[in-house]
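# Report on the structure
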Amino acid sequence: LSLGELTGITKLKETICTKLDTFLERDPSRWLDELIYLSPLLSLDENIRRRMTDKMDRTLSIFQTKPRFSIPESNEKLKIGYVSPDFGDHPISHVLKGVFSNHDRSAFEISAYSLKDRSHETSDYYQQISSNCDHFIDLSRLSDDDAAKRISADGIAVLVDLTGYMKDARLEIFARRPAPLQIYWLGHGGGLGLSFMDYVIADNAVLPPGEDILYKEKIIRMPEVYHPADTPPISDAPIRRSDFNLDENATVFCVFNNPQKINAEVFDAWMRILNRVPDSLLWLSNPSQSRGLIQNLQNEAQKRNVDPNRLIFAARLPDKSQHFARHRLADLFLDTFSYNASTTAIDALWAGLPIVTRPGKSFYSRICASLLTSVGLADMIC
């Protein structure tokens, strides 16, 4: 499937639902993690997702060993490790940079375990995170066994996975139980449904009290909001709408979310809005400059009696301070309500662009509501 192929996405969802038993009988190692990640993007029922995570749990359970427990001396710092392939120019690091610089280093010893070799990177994100840790260790060339042994030998007490089922994840390391306490946080919404993960970090908006029973992990609820947000530089260079192919007099609705989060239900809502608001445009993100995405969504707009030229596509800007600044050319950010904006919502709020969201019945569909509540814009939750 190519991005924006909404009919194909609907058919894929139907195929998964009808053939799930056959899928789960096969060796899942090559595709199951990706399908679990895609499940909220496809709006798959939570019961289907749970069946897939249960299968993943059974698949990885063969690696499980007893966790290594080491009680630190009273004057010893608590050792915390973070594991991710994304310690660089990536949305995870865009919001985490300040977390690393603000740890209380008198009480905690911080290690970052990189699953991807980013030593060639010159980005501020890589440089600042790697310099704001006590230890920055590249695990990319180690096997899962050796990576787990390294973490265990380092005496890590609390190990935090920042990736979940996203690209370049290595849950096999966590399955080997290198730390006595293992936590999932941030990578994508929700929990992992894996018995070797002890906790998931959330808040009362994304995971209201009473829903703990739906999770294998125990829940750590942050007192305000589960998602961090680093203070960004915003370019003050003069820009105009015409620089981005936007009409100076139009009402501009902005959606800089990952195009994977667009499904037929969401797109239908946007087209109804365009039909009801004369001279309005929809400004969409196209980070990879995909011709297929443009063609597919323009065709879908035409099917819904909307002029395809009212869809404007934004390429990725290498300077993120300019990306923040261009938000100010829009009037309103429309959230994707099956799977909400997270880092993209934070970007919009920092730039001063209000967001309208519609929360659903899952962690994924409440992320933006959590962020809006935390900044005092709960009126924008509908």
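Here goes a summary of the coordinates provided. (Residues numbered from 1 in each chain as written. Predicted model: local features only at pLDDT ≥ 70, side-chain atom pairs only at ≥ 80, totals over all residues. Heavy atoms only, no water.)

In this section: helix α1 (residues 6-25). If you check α1, its first and last C-alpha atoms are 28 Å apart, about what 20 residues at 1.5 Å a residue would give, namely 28 Å. Roughly 70° is the biggest bend found in α1, and it falls at Lys-19. Of the residues making up α1, those classed as buried are Leu-6, Gly-8, Ile-9, Ile-16, Leu-20 and Leu-24. If you follow the buried residues of α1, they end up packed against α2 (32-38), α3 (46-60), α8 (264-276) and α9 (291-303). (Helix = DSSP H or I, 4+ residues; strand = E, 2+ residues; numbered from the N terminus. Expected span 1.5 Å × (residues − 1). Bend = angle between axes of the 7 residues up to and from the residue. Buried < 20%, exposed > 50% of the residue type's maximum accessible area, 1.4 Å probe, protein only. Contact = heavy atoms within 4.5 Å.)

Another aspect to go through is the packing of helix α11 (residues 343-351) against helix α12 (residues 367-374). Remark: α11 packs on α12, axes separated minimally by 10 Å, with the N-to-C direction vectors making an angle of 25°. Considering their axes alone, α11 and α12 lie roughly parallel with respect to each other. For the pair α11 and α12, the sense of crossing is right-handed. Along its contact with α11, which presents Ala-345, Ile-346 and Leu-349, the element α12 presents Cys-368, Leu-371 and Leu-372. Split into classes, the residues belonging to the contact of α11 with α12 amount to six nonpolar, no polar and no charged. (Axes fitted to C-alpha atoms, helices over the stretch in contact; angles between N-to-C directions. Parallel < 35°, antiparallel > 145°, perpendicular 65-115°, else oblique. Left-handed = near helix turned anticlockwise from the far one by under 90°. Nonpolar A, V, L, I, M, F, W, Y, C, P; charged D, E, K, R; others polar.)

Before going further, it helps to spend a moment on the nonpolar core. Of all hydrophobic cores here, the largest spans 111 residues; its most connected members are Trp-270 and Trp-283. Of the residues forming this core, the biggest block, six residues, is contributed by α8. Ignoring anything within four residues of it in the chain, the contact list for Trp-283 reads Phe-244, Leu-246, Val-252, Phe-253, Cys-254, Val-255, Phe-256, Ile-312, Ala-314, Arg-326, Leu-329 and Ala-330. (Core = buried A, V, L, I, M, F, W, Y, C linked by side-chain atoms within 4.5 Å.)

With parallel pairing, seven strands are arranged side by side in an open sheet as β3-β2-β1-β4-β5-β6-β7. Single-partner strands in this sheet number two, and they are β3 (135-138) and β7 (218-221). Strand-to-strand, the axes of this sheet are offset by a mean angle of 25°, without reference to chain direction. Here strand β1 (residues 78-84) runs beside strand β2 (residues 108-114); their pairing, made up of seven bridges, is parallel. Within β2, the residue paired with Leu-78 across the bridge is Phe-108. (Pairing = 2+ DSSP bridges.)

With parallel pairing, the five strands of this open sheet are ordered in space as β10-β9-β8-β11-β12. The open sheet has two free edges, formed respectively by β10 (311-314) and β12 (355-356), since each of these has just one partner strand. Pairing analysis gives two bridges linking strand β8 (residues 251-255) to strand β11 (residues 332-334), with the strands arranged parallel. When the bridges of β11 are listed, Phe-253 appears paired with Leu-332.

This part is about the pattern of salt bridges. Under the definition given, this model contains 24 salt bridges. Asp-145 is the salt-bridge partner of Arg-176, the closest N and O atoms lying 2.7 Å from each other. With Arg-176 in the loop between α7 (171-175) and β5 (181-184) and Asp-145 in helix α6 (residues 144-153), this pair connects stretches of sequence that are 31 residues apart. For Arg-304, the salt bridge identified is with Glu-300, shortest N-O distance 2.7 Å. Assigned by exposure class, Arg-304 and Glu-300 land together as buried. Put simply, Asp-268, Glu-300, Lys-303 and Arg-304 are held in one network by salt bridges that share partners. (Salt bridge = Lys/Arg side-chain N within 4 Å of Asp/Glu carboxyl O.)

Positive phi, normally seen in glycine, also occurs at Ser-43, with a value near 55°. Of the residues examined, Ser-43 reaches a relative accessible area of 28% and is grouped as partly exposed. If you check the backbone angles, Asn-245 has positive phi at about 65° while not being a glycine. Looking at where Asn-245 falls in the secondary structure, it is placed in the loop between β7 and β8.

Two measures describe an aromatic ring pair: the distance that separates the ring centres and the angle between the ring planes. Inspection of the entire model under this criterion finds nine aromatic pairs. The ring of Phe-337 has Arg-358 lying over it, and the distance from NZ or CZ to the ring centre is 4.0 Å. (Phe/Tyr/Trp six-rings, centres within 6.5 Å; stacked < 30°, edge-to-face > 60°. Lys NZ or Arg CZ within 6 Å of the ring centre and 35° of its normal.)

The subject of this paragraph is the pairing of strand β4 (residues 158-161). Burial of the side chains of β4 extends over both faces: Val-158 and Val-160 are buried on one face and Leu-159 and Asp-161 on the other. Pairing of β1 with β4, which is carried by four bridges, proceeds in the parallel orientation. By the bridge assignment, Ile-80 is partnered in β4 with Val-158. Direction of pairing for β4 relative to β5: parallel, over a ladder of four bridges. Its bridge partner lying in β5, Val-158 is registered against Leu-181.

One covalent bond between the sulfur atoms of two cysteine residues makes up a disulfide. Evaluation of the coordinates by the stated rule reveals zero disulfides. No disulfide involves Cys-254; its sulfur sits 12 Å from that of Cys-368, the nearest cysteine. Classification of Cys-254 as buried rests on a relative accessible area of 0%. You can see Cys-368 has no disulfide; the closest cysteine sulfur is in Cys-382, sitting 10 Å from it. Take Cys-368: its relative accessible area is 0%, and that puts it in the buried class. (Disulfide = S-S within 2.5 Å.)

Turning our attention to the side chain of Ser-285. Tracing the backbone shows Ser-285 in strand β9 (residues 280-285). Relative accessible area serves as the criterion here: at 15%, Ser-285 is assigned to the buried category. Each residue touching Ser-285, except ones within four places of it in the same chain, is listed here: Val-255, Phe-256, Asn-257, Pro-259, Leu-293 and Ala-314.

Note that all results are geometric; they support no functional claim without further evidence.
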